[in-house]
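Analysis of the macromolecular model
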Amino acid sequence: MKNSTPILQSAACIKRYCGNPVLAPSDLPYPSSLVFNAGVTKYNGRYVMVFRNDVAEKEGVSKFIETNLGLAFSDDGVNWEVEPAPCFSMSNWDRAISMSDKPAREEVRRLYDPRLTVIDGRCVICCAIDTKHGVHGAVAITEDFHHFDILSMTVPDNRNMVLFPEKIGGEYFRLERPFPVYSRGGRDRFDIWCGRSKDLVYWGRHALVLAVEQVPYANDKIGPAAPPVKTPKGWLTTIHTVDKDPARGKNGWGNAWRKRYCGGIMLLDLENPSKVIGLSREPLLAPEADYEVEGGFRNDVIFPGGMILEDSGEVKIYYGSADTVECLATADVHDLIALCEAPV
Ligand code: BMA
């Protein structure tokens, strides 16, 4: 893809929920400026959402105050009840986080972009942690969404980790996105990798899954999006893709925002999830709706973080829109699989 701004359209099979956004800053009973990049799963019979809440002094994020995590529950995956207070904020670092070799509070700047996977009845939350010395991907167990037992943290820089919902060949698998600046030309040329673990603590045997140059609608970087769901044809999983155009100028509250984030979809081999069976040749979700392209903090951003396969075959995809609100789109699982028929 060249550095021009091609028109990208969402796949015909995807339907945005007519009541979007499903969650916005004005829905929160506590201070909020931007609600986005939520993880969503079904746990103990209800839908659970853990979302990123960025708080600033006023619109324009002239004075950023903090990033915290909010918690919401739902009986239908569409209408959400938000808990009265954030479930995690950095002021709770000492109480809410347990971990061996836990970094000191002063070292850590923020924790964000949670992704939820239920595995063996336990809820695992993968998230990004910014520290003074780099960005880490963390894997944590939570039972109550208020206390988080961090089992492992990557070396920097790495994030966008998502855990597969069952063991494969006796091992846990995750997708992840390191930031290899030195070996990739000093620019954003970031790819999707897969790692495995016997205990969620020690991760290794990493393999490249999908490189940015294999995605026709990305010219910058790609990364995992929502945790994969299992289908008879393979692991179905969303990705986020970025194309950058230096000609793009002010496009949000900041002075300039030159990137566009789309959602894509791919199918991975059931036994060897580092092997791509197929990838959508067009975006699954490209920024088109008004709440995706205007009035946001960073317009033209679609960032899926939650994907639920219902018994009916409906797939719910939750995504952050314009880094400002949380939205929902749905599609039939067979249509999503059909989009992944093209080999990479
Ligand atoms: C990425 C992350 C996401 C964010 C996206 C678009 O690098 O920071 O949290 O949604 O950029 O701004």
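A brief structural summary.

**Focus: the overall build of the chain**
Per the secondary structure count, the chain includes 3 helices and 22 strands. On C-alpha atoms alone, the chain measures out to a radius of gyration of 18 Å, which is about the 20 Å that the 2.2 N^0.38 rule sets for 344 residues. With respect to the three principal axes, the spread of C-alpha positions in the chain is 50 × 50 × 45 Å. Among the 344 residues that make up the chain, the fraction classed as buried is 60%. Residue pairs in contact within the chain that sit at least 24 positions apart in sequence constitute 54% of those at least 6 positions apart. Carbon and sulfur atoms make up 49% of the accessible area of the chain, which totals about 14,100 Å².

**Some remarks on the pairing of strand 14 (residues 203-210)**
Bridging between strand 13 (residues 192-197) and strand 14 involves 5 bridges; their strand directions are antiparallel. By the bridge assignment, R196 is partnered in strand 14 with G204. Where strand 13 folds back onto strand 14 in an antiparallel hairpin, the turn is made up of 5 residues, including L200, whose phi is positive at roughly 70°.

**Description of the layout of surface pockets**
Estimates place the volume of the largest pocket at around 390 Å³. Lining the largest pocket are 23 residues, with F36, R52, R159, R298 and D323 sitting closest to its centre. Partitioned by chemical class, the residues of the lining of the largest pocket number 10 nonpolar, 3 polar and 10 charged. If you add up the space inside the second largest pocket, you get close to 330 Å³. Lining the second largest pocket are 16 residues, and of these T41, P165, P228, V229 and M307 sit closest to its centre. Elements with a contribution of two residues or more to the lining of the second largest pocket: strand 2 (34-43), strand 7 (108-119), strand 16 (229-231) and strand 20 (302-309). Residue classes in the lining of the second largest pocket are distributed as 10 nonpolar, 3 polar and 3 charged.

**Let's talk about the environment of P156**
Considering the arrangement of structural elements, one finds P156 in the loop between strand 10 (148-153) and strand 11 (158-163). Each C-alpha atom, one on P156 and one on H133, is 7.6 Å from the other, the two residues being 23 residues apart in sequence. Beyond its immediate chain neighbours, meaning those up to four positions away, P156 contacts H133, G134, V135 and H136.

**What to know about empty space enclosed by the protein**
Overall, the coordinates contain 1 cavity of 30 Å³ or more when judged by the stated rule. Considered as a void within the structure, the largest cavity measures approximately 50 Å³ in volume. Lining the largest cavity, in full, are L69, I97, L111, I125, C127, A140, F148 and I150. Elements with a contribution of two residues or more to the lining of the largest cavity: strand 8 (122-131) and strand 10. In the lining of the largest cavity, the residues fall into 8 nonpolar, no polar and no charged.

**Here we look at the pattern of salt bridges**
Where side chains of opposite charge bring their charged atoms close, a pairing between them can arise. Going through the model one piece at a time under the given rule, you end up with 22 salt bridges. The salt bridge partner of R52 is D54, with a shortest N-O separation of 3.1 Å. Judged by its relative accessible area of 6%, D54 falls in the buried class. With a shortest N-O distance of 3.9 Å, R298 and D323 are connected by a salt bridge.

**Some points on the site of the ligand**
Near the ligand the following residues occur: F36, N37, R52, D113, R159, K221, W257, Y261, R298, V301, F303 and D323. One nitrogen or oxygen atom from the side chain of N37 is found 2.9 Å from an oxygen atom belonging to the ligand. The protein chains hide 91% of the 310 Å² of surface that the ligand would expose on its own. Here the ligand occupies the largest pocket. Here the shell around the ligand is built from residues that sort into 5 nonpolar, 1 polar and 6 charged.

**Let's talk about the sheet that holds strand 9 (residues 134-142)**
Across the sheet, 5 strands lie side by side as 6-10-9-8-7; this open sheet has mixed pairing. Looking at the sheet topology across the chains shown, the edges are occupied by strand 6 (97-98) and strand 7. Relative to strand 9, strand 8 is paired through 9 bridges, and the arrangement is antiparallel. The residue bridging C123 from the neighbouring strand is T142, located in strand 9.

**Regarding the sheet that holds strand 14**
Spatial strand order, 11-12-13-14: 4 strands in an open sheet with antiparallel pairing. Because the sheet does not close on itself, it has two edges, and the strands there are strand 11 and strand 14. On average, each strand axis in the sheet is tilted by 30° relative to the strand beside it, whichever way the strands run. For strand 12 (residues 172-178) and strand 13, the ladder comprises 5 bridges, and the chain directions are antiparallel.

**Regarding the packing of aromatic side chains**
Given two aromatic rings, one states the distance between the centres and the angle between the planes to describe the pair. For the coordinates displayed, the defined rule picks out 9 aromatic pairs. Residues F88 and F148 carry aromatic rings whose centres are separated by 6.3 Å and whose planes lie at 90° to one another, so their mutual orientation is edge-to-face. Of this pair, F88 sits in the loop between strand 5 (81-82) and helix 1 (93-96) while F148 sits in strand 10; the two residues are 60 residues apart in sequence, bridging distant segments of the chain. Centroid distance Y261 to F303: 5.9 Å. Interplanar angle 50°. Geometry classified as tilted.

Parameters and conventions
- Residues numbered from 1 in each chain as written.
- Predicted model: local features only at pLDDT ≥ 70, side-chain atom pairs only at ≥ 80, totals over all residues.
- Heavy atoms only, no water.
- Helix = DSSP H or I, 4+ residues; strand = E, 2+ residues; numbered from the N terminus.
- Rg over C-alpha atoms; globule rule 2.2 N^0.38 Å.
- Buried < 20%, exposed > 50% of the residue type's maximum accessible area, 1.4 Å probe, protein only.
- Contact = heavy atoms within 4.5 Å.
- Areas by Shrake-Rupley, 256 points an atom, 1.4 Å probe, with all protein chains shown as cover.
- Pairing = 2+ DSSP bridges.
- 1 Å grid on protein atoms, 1.4 Å probe; cavity = no way out; pocket = protein on both sides within 12 Å on 5 of 7 lines; lining within 4 Å.
- Points joined across faces, edges and corners; volume = space filled by probe spheres on them.
- Nonpolar A, V, L, I, M, F, W, Y, C, P; charged D, E, K, R; others polar.
- Salt bridge = Lys/Arg side-chain N within 4 Å of Asp/Glu carboxyl O.
- Near = heavy atom within 4 Å.
- Polar contact = N/O pair within 3.5 Å; in protein donor to acceptor, adjacent residues only side chain to side chain.
- Sits in = over half its atoms within 2 Å of the grid points.
- Axes fitted to C-alpha atoms, helices over the stretch in contact; angles between N-to-C directions.
- Phe/Tyr/Trp six-rings, centres within 6.5 Å; stacked < 30°, edge-to-face > 60°.

The quantities given are spatial measurements derived from coordinates; they are silent on function.
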